[in-house]
Structure formats: structure tokens, C-alpha cells
Amino acid sequence: MVIDALFKALADPTRLRIARLLSTMELAVGELAQVLGQSQPRVSRHVGILCDAGLAERRREGSWVFLRSTGGRTGEGTEPSSAAPVLAALDRLLATAERENAEFAAACEGDRRKLASIRSARAVAAEDYFARHASEWDDLRALHSPDAMVERRLLDILGDEPLGRMLDIGTGTGRMAELFAERADHVVALDRNLEMLRLARAKLQDLPTNRTEIVHGDFADLPFGAGRFDIVLLHQVLHYAQDPAVPLAEAARVTRPGGRIAIVDFADHDREELRERHQHVRLGFTDDQMRNLLERAGFSACDPVALEGGELVVKIWVGARQSLSTTEAGRPERRKANS
């Protein structure tokens, strides 16, 4: 971080307000403009200065650009940002300024009211989406064990110890990231579907920004360096893969040796209508298929757990990441995702 750029970034009251807002939640440029009551080009200029100083970062999702504080970002998946101490000190200074400066306090209070409106708008948009698709999801849920039962069993299987850094691949609505946020040091919620990411953002927006992160990406080409996560979760995701070996190889690449993978999916079944109605590519998995997939990817498979209670049986498969020397020595190295 260049000191001159840092001082420049902190020399403007609007940029201080932006830093304070981004410490609260991830925001799109348009949402920041709405809170600040300024034009998007003007806000973008301020954001550019903060990003140049290493205090914020941009993330593009389709035509939207989202901004977040770098204080809790993952870097390449494990290391905290070098800006974290600066941002922590800045938060303390701004909190003091808000207590002692009436004008700044009034601006911050107005910002919080507008943030509340943005949170509400996101929640309404999510509810509208659920309302449009409720019947489809209800039909699928009726075929398998209740979600609450699956979640309880998954929590039990992963144990009470801290989970470290977790990657939730195919996060969808963000429910799994929400479920494990308190037990993990940091959760990265990844999905390639932009509408799903907006739903996840609405669900996770009240959680601390240094504990959760939302990332646009593909399970076949994860945007993280090797060995960056302690646990990787694929919850009702793998049946969308044309070749399940590909996302599992990527999951293995980003899991540290000794780390774990947890897969929640359906046991093999014959409900062909799920291919057309819900775009399922695979009609579940047998235990032998999953064991072979996990071992080929570099995991040692544990005994699976079956959750019956519907026409479709939900299975939970867990594996431990083996060391490179014992599982991949001599195997040609596949292309790695950009870090």
C-alpha cells in the first residue's frame, strides 16, 4: 500500500463515508450513489481512489459492479488483506468522529437509514423471486427429506470444532453459508448464476463483512489458488455437472492437505423428469461412483450417510484431502484457475 495513495484516499469526507459503508456491507456502485445522494460517475471516481489505495475492491457480476472493503477479503483464499489493520484503525477513528462531530454523526445516521432501505429492497426482490419459483421448489422438496433434517445431520457430521476457511460451491440462496458462518473463520459463497448471487447477498447482508464473501465463479474453474480452504462444500450442486470429476478436481486443488470436502446430493434414482424440469444432468450417485470420484480427485472417502424420508434419498459424502505426494504424484497437472 503506497502511503501517499492512502493519505489521499482518507483526505475526503465522502470517501470516509464510503469506507464506513463498505465496512458494513458489500454494495453496488448504484447503491452507494443512492446512499450518498451523488451521481454514479462521481461515486465511481471516489471508489477508484479507495481501490488504488488498497482500501476497497471491485467485483463485476454481469453488468453490475459490487464493492467491498478489503479488510476481510480472502486474497488468494487464506491471507487477510494488508489493509486490514488500517481499516480496523479507521473504523475506530470514524466511530470516535461520529460521537464527537455532530455534522459527521448526522451524515452517518442518514447513511444508515438509506442502507436499511437497500437491505429491505434486496429482501423484497428475493421474496419476489421465491414467490415466482415456489411451486417448482416445493415439488422437488416434496420428493426428499426435509431441509432442516439434512442441515442438522450435516452440522453433526462436520462436528463442533471450528471449520476454518470454508468454500460453499454453488451457494444458490446462500443458506449453507448462512448456516456455517458462525462456525467458520471465513465463508466464501460462490455461484455462477447472477440471480442466485443476488439472493445470497440478500440473505447474507446482515452478517459481518469480514466473515463472509460472495464470489462470482464457475465450479469447473475456481478463482482461487491451491490449498486455500479448510473445507469445501457442494450442497445439491454436483448433479448439475456434465462431468463431476472436473468440479471435484477443482475442489481438491483449493483444499489444503488434511482439509475436508462435504457433498450433499441424491442417491441414484430414476426420476427422469428432473432433467427437464430442474436441469439435473445426473440422476444422483451410487456410493461406489462417489467413492471413485473422490479418490480420483485426491480425497479419502468416509462412510456415507443416508437420509431417507421421501422418494429421493439424500446422501452426505465426506472426504479428507490427501497429500499431493500420495494421490497425484506422476499425474499430469491440469490447468489451474486464475488466482
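Everything that follows concerns the structure shown earlier in this document.
Being a predicted model, the structure only gives us computed values, none of them experimental.

What counts, and where the lines are drawn
Here the residue index of a chain counts from 1 through its sequence in written order. Totals for whole chains, interfaces and linings use all residues, but because this is a predicted model, local features are given only for residues with pLDDT of at least 70 and pairs of side-chain atoms are given and counted only at 80 or more. Values shown for side chains rest on all heavy atoms present in the structure; no hydrogens or waters enter the calculation. Think of a nonpolar core as a cluster: buried Ala, Val, Leu, Ile, Met, Phe, Trp, Tyr and Cys residues, connected wherever their side-chain atoms sit within 4.5 Å. Buried residues are those whose accessible area, probed at 1.4 Å on protein chains only, stays under 20% of the maximum for their type, while exposed residues exceed 50% and partly exposed ones sit between those limits. Each helix is a run of H or I in the DSSP string that is no shorter than four residues. Each strand is a run of E no shorter than two, and both are numbered from the N terminus. Pairing between strands is defined by DSSP: at least two bridges between them are needed. Within 6.5 Å between ring centres, the rings of Phe, Tyr and Trp (the latter by its six-membered ring) count as paired, and their orientation is classed by plane angle as stacked under 30 degrees, edge-to-face over 60, tilted in between. Counted as over-ring charges are cases with an Arg CZ or a Lys NZ within 6 Å of the ring centre that also lie within 35 degrees of the ring normal. Salt bridge criterion: a side-chain nitrogen from Lys or Arg within 4 Å of a carboxyl oxygen from Asp or Glu. Whether a crossover is right-handed comes down to one check: with the strands pointing away from the viewer, does the path from the first strand over the helix to the second run clockwise; if it does, it is right-handed. Here the axes come from fitting lines to C-alpha atoms, over the contacting stretch only for helices, and the angles between their N-to-C directions go from 0 to 180 degrees. For this classification, under 35 degrees means roughly parallel, over 145 means roughly antiparallel, 65 to 115 means roughly perpendicular, and everything else is oblique. With the far helix as reference, a near helix turned anticlockwise by less than a right angle produces a left-handed crossing, and one turned clockwise produces a right-handed crossing. Pairs of residues are marked as contacts when any of their non-hydrogen atoms sit within 4.5 Å. The residue classification treats Ala, Val, Leu, Ile, Met, Phe, Trp, Tyr, Cys and Pro as nonpolar and Asp, Glu, Lys and Arg as charged. All others, Gly included, are polar. Directions are taken from the helix axis to each C-beta atom, and the arc is the one they span.

Would you explain the nonpolar core in this entry?
In globular proteins that are soluble, nonpolar side chains generally tend to be buried together. Grouped together as the largest cluster of nonpolar side chains are 30 residues, with contacts concentrated most on Leu 21, Leu 22, Leu 27, Leu 32, Val 43 and Leu 55. Of all elements in the fold, only α1 (3-9), α2 (13-22), α3 (29-36), α4 (40-52), α5 (84-100) and α6 (102-141) reach the threshold of two or more residues within this core. Core analysis: the second largest hydrophobic core is formed by 28 residues, Leu 222, Phe 224, Leu 238 and Ala 241 among them.

I keep staring at unusual backbone geometry and nothing clicks. Help me out?
It is generally the case that most residues other than glycine have a negative phi and that most peptide bonds are trans. Phi at Gln 236 is positive, roughly 55 degrees, even though this residue is not glycine. Along the polypeptide, Gln 236 turns up in the loop between β7 (229-235) and α10 (245-254). Under the relative-accessibility criterion, Gln 236 is labelled buried at 17%.

Would you take a moment to explain the pairing of strand β3 (residues 64-69) for this structure?
On a regular strand, each side chain points to the face opposite its neighbour's, so the side chains alternate between the two faces of the sheet. Two strands pair when backbone bridges link them, and strand β1 (residues 27-28) and β3 are joined in this way by 2 bridges, in the antiparallel orientation. In the sheet register, Leu 27 faces β3, and the bridge partner there is Leu 67. Pairing analysis gives 6 bridges linking strand β2 (residues 56-61) to β3, with the strands arranged antiparallel. Residue pairing for β3: Ala 56 is matched across the bridge by Ser 69. In sequence, β2 turns back onto β3 through a hairpin of 2 residues, with Gly 62 there showing a positive phi of about 65 degrees.

Explanation requested: the packing of aromatic side chains in the structure shown.
Ring pairs (aromatic) are described by centroid distance and by the angle formed between their planes. With the rule as written, the count across this model stands at 3 aromatic pairs. Considering the side-chain rings of Trp 64 and Phe 66, the 5.7 Å spacing of their centres and the 20 degrees angle between planes classify their relative orientation as stacked. Exposure remark for Trp 64: the relative accessible area of 37% places this residue in the partly exposed category. Between Phe 285 and Trp 317 the ring centres are 6.5 Å apart and the planes differ by 85 degrees, which places this aromatic pair in the edge-to-face class. Taken together, the residues Phe 285 in the loop between α11 (273-278) and α12 (287-297) and Trp 317 in strand β11 (residues 314-321) connect sequence positions 32 residues apart. Each member of the pair, Phe 285 as well as Trp 317, is classed as buried. The lysine or arginine in question, Arg 201, covers the ring of Phe 66, its NZ or CZ lying 3.6 Å from the ring centre.

Any chance you could explain the pattern of salt bridges here in plain terms?
Oppositely charged side chains can form a pair if their charged atoms are brought close together. A full pass over the atoms with the stated rule returns 25 salt bridges. A salt bridge links Arg 68 to Glu 26, with the nearest nitrogen and oxygen atoms 3.7 Å apart. One end of the pair, Arg 68, is in strand β3; the other, Glu 26, is in the loop between α2 and β1, and 42 residues separate them in sequence. Summarising the burial analysis for this pair, Arg 68 and Glu 26 share the class buried. Here Arg 291 makes a salt bridge to Asp 288, at a shortest N to O gap of 2.7 Å. Separated by 3 residues within a single helix, Arg 291 and Asp 288 lie in helix α12, roughly one turn from each other. By relative accessible area, which is 33% here, Arg 291 ends up partly exposed. Each of Glu 26, Glu 57, Arg 59, Arg 68, Arg 201 and Glu 213 takes part in a single network of salt bridges with overlapping partners.

Honestly, the pairing of β7 in this entry has me stumped. Any pointers?
By the criterion of burial, β7 is predominantly enclosed, with 5 of the 7 residues buried. As paired elements, β7 and strand β8 (residues 255-266) share 6 bridges and run parallel to each other. Of the residues in β8, the one forming a bridge with Phe 229 is Thr 255. Note on the crossover from β7 through α10 to β8: the handedness is right-handed.

What is the right way to look at the packing of α10 against α12 in this model?
Helix-helix packing is described using two parameters, namely the angle between the two axes and the distance between the axes. At a minimum axis separation of 9 Å, α10 and α12 run at an interaxial angle of 45 degrees. By the criterion of interaxial angle, the relationship of α10 to α12 is oblique. In this structure, α10 meets α12 at a crossing whose hand is right-handed. Of α12, the residues touching α10 (which contributes Ala 245, Leu 248, Ala 249 and Ala 252) are Leu 293, Leu 294, Arg 296 and Ala 297. Its residues assigned to classes, the contact of α10 with α12 comprises 7 nonpolar, no polar and 1 charged.

Got a minute to help me understand the packing of α3 against α4 in this structure?
Running from N to C, α3 and α4 cross one another at 105 degrees; their axes reach a closest spacing of 9 Å. By the angle class used here, α3 and α4 are roughly perpendicular. In this structure, α3 contributes Val 29, Gly 30, Leu 32, Ala 33 and Leu 36 to the contact, and α4 contributes Gln 40, Val 43, Ser 44 and Val 47. A per-class count over the contact of α3 with α4 returns 6 nonpolar, 3 polar and no charged.

Can you walk me through α12 in this structure?
One full turn of an α-helix is made of 3.6 residues, so residues set three or four places apart face in the same direction. Along α12, the positions that sit buried rather than exposed are Met 290, Leu 293, Leu 294 and Ala 297. Buried residues along α12 cover an arc of 95 degrees about the axis, so they all sit on one side. Buried positions along α12 lie against α10, β8, β9 (299-301) and β11. A positive backbone phi angle near 110 degrees is found at Gly 298, which sits one or two residues after α12.

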